[in-house]
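Coordinates in review
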Amino acid sequence: MSFIEFIKQPWPWYVAGPLIGLIVPTLLLIGNKTFGISSSLRHICAACIPANIPFFKYDWKKEAWNLFFVAGIAVGGFLAFWLLQNPEPMQVNPKLAAELSQYGIDDYSKLVPIQLFNWESLFSVKGLLLMVGGGFLVGFGTRYAGGCTSGHAIMGLSNLQVPSLVATISFMVGGFIMANLLLPFLLNL
Amino acid sequence: MESKEIVQEVELEKKHHKFLEQNTDFEMRSLDSVCFNESELKHPWWYNLKYAAVGLLFGIVFVKAEIISWFRIQEMFRLQSFHMYGVIGSAVVVGLISVLIIKKFKIKTIYGEPIEFVDKKFNKGQIYGGLLFGLGWAITGACPGPLFAQIGSGATAVIVTLLSAIAGTWVYGKIRERLPH
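Scope of this entry: the structure provided in the associated data block.

What counts, and where the lines are drawn
Residues numbered from 1 in each chain as written. Chains lettered and ligands numbered in written order. Predicted model: local features only at pLDDT ≥ 70, side-chain atom pairs only at ≥ 80, totals over all residues. Heavy atoms only, no water. Helix = DSSP H or I, 4+ residues; strand = E, 2+ residues; numbered from the N terminus. Buried < 20%, exposed > 50% of the residue type's maximum accessible area, 1.4 Å probe, protein only. Contact = heavy atoms within 4.5 Å. Phe/Tyr/Trp six-rings, centres within 6.5 Å; stacked < 30°, edge-to-face > 60°. Lys NZ or Arg CZ within 6 Å of the ring centre and 35° of its normal. Axes fitted to C-alpha atoms, helices over the stretch in contact; angles between N-to-C directions. Parallel < 35°, antiparallel > 145°, perpendicular 65-115°, else oblique.

A few words now on the overall build of chain B. A tally of regular secondary structure across chain B gives eight helices and zero strands. In chain B, which comprises 181 residues, the share counted as buried stands at 56%. Restricting to contacts in chain B with at least 6 residues of sequence separation, those with at least 24 account for 52%.

Each aromatic ring pair is summarised here by two numbers: the centre-to-centre distance and the angle between the ring planes. All told, the structure shown has 27 aromatic pairs over all chains when counted by the stated rule. Ring centres of A:F35 and B:F58 lie 5.4 Å apart, and the angle between their planes is 65°; on these two criteria the pair is classed as edge-to-face. You can see A:F35 sitting in the loop between helix 3 (23–31) and helix 4 (39–48) and its partner B:F58 sitting in helix 3 (residues 49–64), one on each of two chains. Neither residue differs from the other here; A:F35 and B:F58 are each classed as buried. Ring centres of A:F171 and B:F133 lie 4.7 Å apart, and the angle between their planes is 90°; this geometry places the pair in the edge-to-face category. Linking A:F171 in helix 9 (residues 162–187) with B:F133 in helix 6 (residues 125–140), this pair reaches from one chain into another. By the burial criterion, A:F171 is buried, and B:F133 matches it. One cation-aromatic arrangement involves A:R42 over A:F55; the distance from NZ or CZ to the ring centre is 3.6 Å. A cation sits over an aromatic face here: B:K103 above B:F117, 5.0 Å from the ring centre.

All names here are of chain A. Relative orientation of the contacting elements helix 2 (residues 13–21) and helix 3 amounts to 25°, with a least axis distance of 4 Å. Compared by their axis directions, helix 2 and helix 3 come out roughly parallel. For the pair formed by helix 2 and helix 3, the contact residues are L19, I20 and G21 on the first element and I23, V24 and P25 on the second.

So this is what it looks like as structure tokens:
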């Protein structure tokens, strides 16, 4: 197996997790930045549509590093997908596959179920709820909570912050409720 | 010679503390210290390219470890796979050890600035907002970082999800005063 074939396989958690953990000291050491991604959404608001709202009236240019960071994430996603893509379909837990097949989801060729998230489905109630509704909750919720998985769960817990633990537990509770109780209803629409 | 260095160091520390104290207009210290800018140094814009480089590596890990996968997130919230717990758990362990080392040895940035940590204060938003984000996370299969990587990896329709997330952030800013914190 060549090196390229080797890294094209899905990376196990014990490789990915520590690499993500290393972003915490890297950002601190190269410029005193605390790891956090959801703030980028706020900076985009402050830059594009501040509308005289106090929450968006600050010098977003001072936070431009965060926008460079997320732009890098998008380019990294692009490179990994086009150069290092795993040719095999995703392997998921058979229980999940059985459940999803009830909703007509059986395409595992991409990381995102393209049967749910595509341009055409935007014209359906289900697609609107999943893409527009879901996105809205992500943006509203992360800012209300003051951070997301990176800012609270990884950076906050790394610095032993109790509020971040509260936030992380809330993320998980919300996720469990949606995935197990509400999402089956949405996917049946 | 040595004492001169120490004096310089103390001065630097004092200056930094003053900066931290004065920077309250941002309101970040209490509610949202995550995007509080700790560095007082001014650099040309291209210094930011190093953050883009870190982001790029991060994006590759996101895709290769299938962290941006909607399916992996569904498995996580159904307790059907250890993968995401392993990723987040080991990331926290490595982050925790790194922060401890930085604090213990008072390691400075590559520009010689002291690294300081701002404590987060508890507010109810962490519960209400956290629950709302959790609901959205399970729907979209993505937290904000993976949204960017999903778009990069060819799921172009996720641009709509990202725009909606920006709208959500904006609405939060708009009605923030009326929400319980």
